[in-house]
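One-letter residues, chain by chain:
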Amino acid sequence: MIDIVCGGQAGDEGKGKISAYLSYTGNYEYCVRVGGPNAGHTVVQNGVSYTLKNIPSGFLNPKTKLVLGAGAYTKTEWLLDEVKKTSTQDRLIIDPYAVLITDEQTAAERGASHFMSHIGSVGTGLGQAVKERIERRDIKFAKDEPLLKDFIQDVPELLNACLDKGGDILLEGTQGIKLSLLHGEYPFVTSRDTTASTFLGEAGLGPKSVRDVYVVFKPYITRVGPGPLEKELTNEKELEIYHTKGHEIGSVSKRLRRVGEFEKRAASRAIMINNCTKIAITHIDMFPGNDRVKKEEDFTKPAQEFLAQLRALSAQVYPHPKIALISTGPDMEDTLVL
Ligand code: IMP
Ligand code: MG
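Keep in mind it's a predicted model, so treat the numbers as computed, not measured.

Enquirer: Explain the pairing of strand β1 (residues 2–7) to me, and be specific about the residues and the numbers.
Expert: Most of β1 sits inside the fold, with six of its six residues counted as buried. Of the pairings in the sheet, the one linking β1 to strand β9 (residues 210–217) comprises six bridges and is parallel in character. When the bridges of β9 are listed, Val 5 appears paired with Tyr 214. In this structure, β1 lies alongside strand β8 (residues 169–172), joined through four bridges in parallel fashion.

Next up, the structure:
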């Protein structure tokens, strides 16, 4: 069966950490990543931190094969650099039609004020590559790169054969509902839809084999670029705590993230549109006194109130997901299973 991890806010909810935890503790044959290298997923194991722009966060489980689907975009040198850092050359599989962003595409995006100052693009060239793909230009696919030839396989074939044998697949999405090209806050969005059904299509999977859809939330919301935040924090002292203890600095963009209060509207749309069955919460330790708490009863009152508020919201939104995972610190293992 397939489990999917989606973002319930504006990206940077901690999808990397949740995907890593699920993959490490679960029995997934494949962990699949779709989307572009503008999305940095951070995974920390025993204090060692990895920022991944290309490789699926499930790499920490040596038994999991790592897949980039046809809806993945990467840059050859960034990908190969990450493969080396994570020692994953023996278990990486790439769809022939995953896109390789060229230096020209990156330069074109970085030179366009519409992308950079108006939308606040990360500047990886993803938007430019998507644009050229839609225009049916002569873009570069993974199958065209000799350095990647050992990794190329028919991804839909492999994944569906795995499902046919009763195997499990983890599908790691990127960004969050507020950044969806279809359901987000246009034009302050990324260049693709960022919801569960699209992730499936981008991997070459269909909807009938989905078991769980995890949507990840923080108790607050961050945005790296411009665009709406319902209640933005402006107090510099408060913001500093988010930027230091909360590590709220763009992992790819290196920009200080803007911070706002938890948004119920975004959360209910994320639950609804993704058909969320399980909620994962990260950064609960940003409520003081909740670092590495081991039992729900031991959370402080503000943290308990946040959980109660989220449960009340979920009771009103189909398909009424339960809170399943709570992350209480930066390390993948600081995860509470409810
Ligand atoms: P682009 O996708 O790089 O063009 O960026 C479009 C908008 O989405 C900008 O505001 C970016 O900061 C934001 N964005 C893109 N990817 C991510 C992400 O992975 N996390 C958070 N924000 C992102
Ligand atoms: Mg990120």
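Having seen the structure, we can now continue with the description.
Enquirer: So what about the coordination of the magnesium ion (ligand 2)? Which residues, and what values?
Expert: Listed as protein donors to the magnesium ion (ligand 2) are Asp 12 (OD) and Gly 40 (O); their distances from the metal cover 1.9 to 2.3 Å. Separated by 28 residues along the polypeptide, Asp 12 in the loop between β1 and α1 (15–25) and Gly 40 in the loop between β2 (30–35) and β3 (41–45) bring together distant segments of the chain. Since its relative accessible area comes to 12%, Gly 40 is described here as buried.

Enquirer: Before we move on, can you summarise empty space enclosed by the protein with the specific residues and values?
Expert: If a probe the size of a water molecule is rolled over the atoms, the empty space left behind becomes visible. Tallying each qualifying case throughout the model produces one cavity of 30 Å³ or more. In this structure, the largest cavity encloses a volume near 40 Å³. Lining the largest cavity are Arg 33, Gly 35, Gly 36, Pro 37, Lys 53, Asn 54, Leu 68, Ala 72, Tyr 73 and Thr 74. Every element with two or more residues in the lining of the largest cavity is listed here: β2 and β5 (65–74). Classifying every residue of the lining of the largest cavity by side-chain character gives four nonpolar, four polar and two charged.

Enquirer: So what's going on with the site of ligand 1? Which residues, and what values?
Expert: Taken together, 16 residues surround ligand 1, and among them Asn 38, Ser 121, Val 122, Gln 175 and Thr 190 come closest. Within the side chain of Asp 12, a nitrogen or oxygen atom sits 3.1 Å from a nitrogen atom of ligand 1. The contact in question runs from a nitrogen atom of ligand 1 to an N or O atom on the side chain of Gln 175, over 2.9 Å. When ligand 1 sits alone it has 470 Å² of accessible area, and the protein chains cover 97% of it. Along the lines of polarity and charge, the residues of the shell around ligand 1 split into seven nonpolar, seven polar and two charged.

Enquirer: Describe the side chain of Asp 168, and please don't skip the residues or the numbers.
Expert: Tracing the backbone shows Asp 168 in the loop between α6 (155–164) and β8. A polar contact is formed between the side chain of Asp 168 and the backbone nitrogen of Met 1, at a distance of 2.8 Å.

Enquirer: Please give an account of the pattern of salt bridges that cites residues and values.
Expert: As enumerated under the stated definition, the model contains 26 salt bridges in all. Between Glu 13 and Lys 15 there is a salt bridge, with the nearest N and O atoms lying 2.6 Å from each other. An identical accessibility class is assigned to Glu 13 and Lys 15; each is buried. For Lys 149, the salt bridge goes to Asp 150, with nearest N and O atoms at 3.9 Å. Like Lys 149, the residue Asp 150 is exposed in the burial classification.

Enquirer: Residues and numbers for the layout of surface pockets, please.
Expert: Size it by volume and the second largest pocket reaches roughly 250 Å³. Forming the boundary of the second largest pocket are 14 residues, of which Pro 219, Tyr 220, Tyr 242, Phe 262 and Phe 287 lie nearest the centre. Elements that contribute at least two residues to the lining of the second largest pocket include exactly α8 (236–244), β11 (258–261) and α10 (301–316). Along the lines of polarity and charge, the residues of the lining of the second largest pocket split into nine nonpolar, two polar and three charged.

Enquirer: I'd love a proper account of the packing of aromatic side chains, names of residues and values included.
Expert: One pass over the structure, following the stated rule, counts six aromatic pairs. Between Phe 217 and Phe 262, the ring centres sit 6.0 Å apart and the planes meet at 65 degrees, which makes this aromatic pair edge-to-face. Residue Phe 217 is found in strand β9, and its partner Phe 262 is found in the loop between β11 and α9 (264–274); the two are separated by 45 residues along the sequence. With relative accessibility at 0%, the residue Phe 217 sits in the buried group. Judged by relative accessible area, which is 12%, Phe 262 ranks as buried. An angle of 45 degrees between the planes, with centres 6.1 Å apart, marks the rings of Phe 287 and Phe 306 as tilted. In this pair, Phe 287 is assigned in the loop between β12 (278–281) and α10 and Phe 306 in helix α10, connecting sequence segments 19 residues apart. One exposure class covers both Phe 287 and Phe 306, and it is buried. Through a chain of ring-to-ring contacts, three or more aromatic side chains come together here, namely Phe 217, Phe 262, Phe 287 and Phe 306. Stacked on the ring of Trp 78, the Lys or Arg Lys 53 has its end atom at 4.1 Å from the ring centre.

Each value, and the rule that gives it
- Each chain carries its own residue numbering, running from 1 in the written order of its sequence.
- Here chains are named by letter from A upward and ligands by number from 1 upward, in the order in which they appear as written.
- Note on the predicted model: pLDDT of at least 70 is required for a residue's local features to be given, and 80 or more for side-chain atom pairs to be given and counted; whole-chain, interface and lining totals, by contrast, use all residues.
- Side-chain metrics in this entry use all non-hydrogen atoms of the structure; hydrogen atoms and water are not considered.
- Only protein chains enter the calculation, and the probe is 1.4 Å; a residue is then buried if its accessible area is under 20% of its type maximum, exposed if over 50%, and partly exposed in between.
- Segments assigned H or I by DSSP are reported as helices when at least four residues long, segments assigned E as strands when at least two residues long, and all are numbered from the N terminus.
- Strand pairing is assigned whenever DSSP detects at least two bridges linking the two strands.
- Excluding water, the donors of a metal are its N, O and S neighbours within 2.8 Å, or within 3.2 Å for Na, K and Ca, and that exclusion means sites may look incomplete.
- Only protein atoms enter the calculation, which uses a 1 Å grid: trapped sets of points that fit a 1.4 Å probe without letting it out are cavities, open sets showing protein on both sides within 12 Å along at least five of seven lines are pockets, and any residue with an atom within 4 Å of a point is a lining residue.
- Grid points are joined across faces, edges and corners, and a volume is the space filled by probe spheres set on the points.
- The nonpolar class holds Ala, Val, Leu, Ile, Met, Phe, Trp, Tyr, Cys and Pro. Asp, Glu, Lys and Arg form the charged class, and all remaining residues, Gly among them, are polar.
- Only heavy atoms are used to decide nearness, and a residue is near a molecule or strand if one of them lies within 4 Å of it.
- Each polar contact in these results corresponds to two N or O atoms within 3.5 Å; when the atoms are within protein, one needs to be able to donate a hydrogen and the other to accept it, and residues that are neighboring in sequence are counted only if both atoms are side-chain atoms.
- Reported accessibility uses the Shrake-Rupley method at a 1.4 Å probe radius. Residues are deemed covered only where the shown protein chains occlude them.
- For this document, the term salt bridge refers to a Lys or Arg side-chain nitrogen within 4 Å of an Asp or Glu carboxyl oxygen.
- Classification of ring pairs uses Phe, Tyr and Trp, with its six-membered ring standing for Trp, and accepts pairs whose centres are within 6.5 Å; under 30 degrees between planes counts as stacked, over 60 as edge-to-face, and the remaining range as tilted.
- Whether a charge lies above a ring is judged from NZ of Lys or CZ of Arg, which has to be within 6 Å of the ring centre and within 35 degrees of the ring normal.

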